[in-house]
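Structural overview for review
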Amino acid sequence: MSVRANCVLVGTRQRGELALLNTAAERSGADEDRSMTMAYATVNGIRMHYTDEGTGMPVLLVHGWGTNGQVWDAQVADLAADHRVVTMDWRGCGRTDHPADGNTFAANTADLLGLMDVLALDRALLVGNSMGAAFSLEVALAAPERVVGVVSIDGPGYWPSQSMTDTLPLLRKALSDDRAAALADWVPQWFGPEADPDLARRTVRQILQSGLFIDELFADIAVYDPRESVGRLAVPAVFAHGRLDSQIPLEVSRTLAELAPYGEFHVIEQAGHLPHQEQPAVVNGLIRAVLTRLAGLRQG
């Protein structure tokens, strides 16, 4: 069976979208030549790990709960050939500090903007997965002048606050009682049935290496509902979703795409909750399509 991404353009004002994309593309210029940088930056009082590779229109890749920037290795290897690609480990995750406080949506949104300040990363395309997709949307809502667009990959949207109010407390208790066992049971469900089992094992190791304090984010996600705010999104937003995602239903991304003024909805076949790892070539192609459109409109 071939792997493909289905695309539906929904809820868009075609003329307005073209103008907005053109304006966003014009704002995004090439940066000075830079080789791969793996370093730390002090952002809002924490030591944040990041990588910075390539030149061109900037792309900021934002991982999901408990993992780290390495989940984007396949995207960096492809996109950095002709774009500036930045990954980071958000607070509590990976090689970034694991503070006991500030594990909130608001703080992580501020951290992303702070890192963009430190790296002079303006007019970036934000690509986020899972909870990182929610952070990316919040950055675009808070500072649309800093962002050319958002690619949300299997973002949680309103689902946890509407349909997981009973299961989230149970999940937190399971993680508190026996974190390794809970993750060993839960994380494999994030992937499709044909995924390499090593993906789940590697993901569990990443989460175990992250701090316990990231569990505080479940309090925020339990009340998070972006359906009203996404209607105020002033930049193009692509909502992609793995067909086989057992954690967040496909309709969540479809609904948000319909509500966004400049929204698109894509289905990634043969992928679960982390399509960028299960079907990296398809996700890379999707991101490149967005970047090419922006660049083409700028030149036009």
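How each quantity is defined
Residues numbered from 1 in each chain as written. Predicted model: local features only at pLDDT ≥ 70, side-chain atom pairs only at ≥ 80, totals over all residues. Heavy atoms only, no water. Helix = DSSP H or I, 4+ residues; strand = E, 2+ residues; numbered from the N terminus. Contact = heavy atoms within 4.5 Å. Areas by Shrake-Rupley, 256 points an atom, 1.4 Å probe, with all protein chains shown as cover. Core = buried A, V, L, I, M, F, W, Y, C linked by side-chain atoms within 4.5 Å. Buried < 20%, exposed > 50% of the residue type's maximum accessible area, 1.4 Å probe, protein only. Axes fitted to C-alpha atoms, helices over the stretch in contact; angles between N-to-C directions. Parallel < 35°, antiparallel > 145°, perpendicular 65-115°, else oblique. Left-handed = near helix turned anticlockwise from the far one by under 90°. Nonpolar A, V, L, I, M, F, W, Y, C, P; charged D, E, K, R; others polar. Pairing = 2+ DSSP bridges. Salt bridge = Lys/Arg side-chain N within 4 Å of Asp/Glu carboxyl O. Right-handed = clockwise from strand over helix to strand, strands pointing away. pLDDT = per-residue confidence, 0-100. Phe/Tyr/Trp six-rings, centres within 6.5 Å; stacked < 30°, edge-to-face > 60°.

Turning to the overall build of the protein, a few remarks are in order. A tally of helices and strands in the protein yields 12 helices and 9 strands. Across the protein, contacts joining residues at least 24 apart in sequence account for 78% of those joining residues at least 6 apart. A total of about 12,100 Å² of accessible surface is found on the protein, and carbon and sulfur atoms cover 51% of it.

Of all hydrophobic cores here, the largest spans 66 residues; its most connected members are Leu60, Trp65, Met88 and Trp90. Beyond its immediate stretch of four places on either side in the chain, Leu60 contacts Val86, Met88, Leu112, Met116, Leu121, Leu125, Leu126 and Val127.

Glancing now at the packing of helix 3 (residues 105-118) against helix 4 (residues 131-142). At a minimum axis distance of 9 Å, the contact between helix 3 and helix 4 shows a crossing angle of 65°. Taken together, the axis directions place helix 3 and helix 4 in an arrangement best described as roughly perpendicular. As helix 3 runs across helix 4, the sense of the crossing is right-handed. The residues of helix 4 that touch helix 3, namely those facing Phe105, Asn108, Thr109, Leu112, Leu113 and Met116, are Met131, Ala134, Phe135, Glu138 and Val139.

This brings us to the packing of helix 7 (residues 179-186) against helix 8 (residues 197-209). Running from N to C, helix 7 and helix 8 point in directions that differ by 145°, and their axes come no closer than 10 Å. Considering only the axes of helix 7 and helix 8, their crossing is right-handed. Touching Arg179, Ala180, Leu183 and Ala184 of helix 7 are Val204, Ile207 and Leu208, all from helix 8. Across the contact of helix 7 with helix 8, the residue classes break down as 6 nonpolar, no polar and 1 charged.

Looking now at the pairing of strand 8 (residues 237-242). Counted residue by residue, strand 8 has 6 buried out of 6 residues, so it is predominantly covered. Of the two faces of strand 8, the one lined by Ala237, Phe239 and His241 and the one lined by Val238, Ala240 and Gly242 are each fully buried. By the bridge criterion, 4 bridges tie strand 7 (residues 147-153) to strand 8 in an arrangement that is parallel. Counterpart to Ile153 in the pairing with strand 8 is Ala240. Here strand 8 pairs with strand 9 (residues 263-268) via 6 bridges, running parallel. When the bridges of strand 9 are listed, Ala237 appears paired with Gly263.

With that out of the way, let us pick up unusual backbone geometry. With phi around 55°, Asp154 is a residue other than glycine that occupies positive phi space. Relative to the helices and strands, Asp154 is located in the loop between strand 7 and helix 5 (159-163). On the basis of relative accessibility, which here comes to 0%, the residue Asp154 falls in the buried class. Although it is not a glycine, Gln270 sits at a positive phi angle of roughly 55°. You can see Gln270 is positioned in the loop between strand 9 and helix 11 (275-278).

Moving on to the pattern of salt bridges. Summed over all chains, the structure comprises 17 salt bridges. The closest approach of N and O atoms between Arg91 and Asp111, which form a salt bridge, is 2.6 Å. Separated by 20 residues along the polypeptide, Arg91 in the loop between strand 5 (84-88) and helix 3 and Asp111 in helix 3 bring together distant segments of the chain. Note on accessibility: Arg91 and Asp111 belong to one class, buried.

To continue, consider the pairing of strand 9. A large share of strand 9 lies buried, amounting to 6 of its 6 residues. The side-chain alternation of strand 9 yields two buried faces, one formed by Gly263, Phe265 and Val267 and the other by Glu264, His266 and Ile268. Read as a crossover between parallel neighbours, the route from strand 8 over helix 10 (residues 250-259) to strand 9 is right-handed.

The next thing to look at is the environment of Leu113. You can see Leu113 is positioned in helix 3. By relative accessible area, Leu113 is classed as buried at 17%. Taking the C-alpha atoms as reference, Leu113 lies 9.9 Å from Ser136; in sequence the two are 23 residues apart. Residue contacts for Leu113: discarding those within four places in its chain leaves Val139, Ala143 and Arg146.

Attention shifts here to the confidence of the model for the protein. For the protein, the mean per-residue pLDDT works out to 89, and 86% of the residues sit at or above 70. The low-confidence segment residues 1-34 (pLDDT under 50) makes 85 contacts with residues lying over four places distant or belonging to another chain.

It is worth spelling out the packing of aromatic side chains at this point. Per the counting criterion, the structure on display carries 6 aromatic pairs. Geometrically, the ring pair formed by Trp65 and Trp186 is tilted, given 5.7 Å between the ring centres and 50° between the ring planes. Of the two residues, Trp65 sits in the loop between strand 4 (58-62) and helix 2 (73-79) while Trp186 sits in helix 7, which places them 121 residues apart along the sequence. Look at Trp186 and you get buried, because its relative accessible area is 16%. A centroid spacing of 5.2 Å and a plane angle of 40° characterise the contact between Trp65 and Phe218, whose relative ring orientation is tilted.

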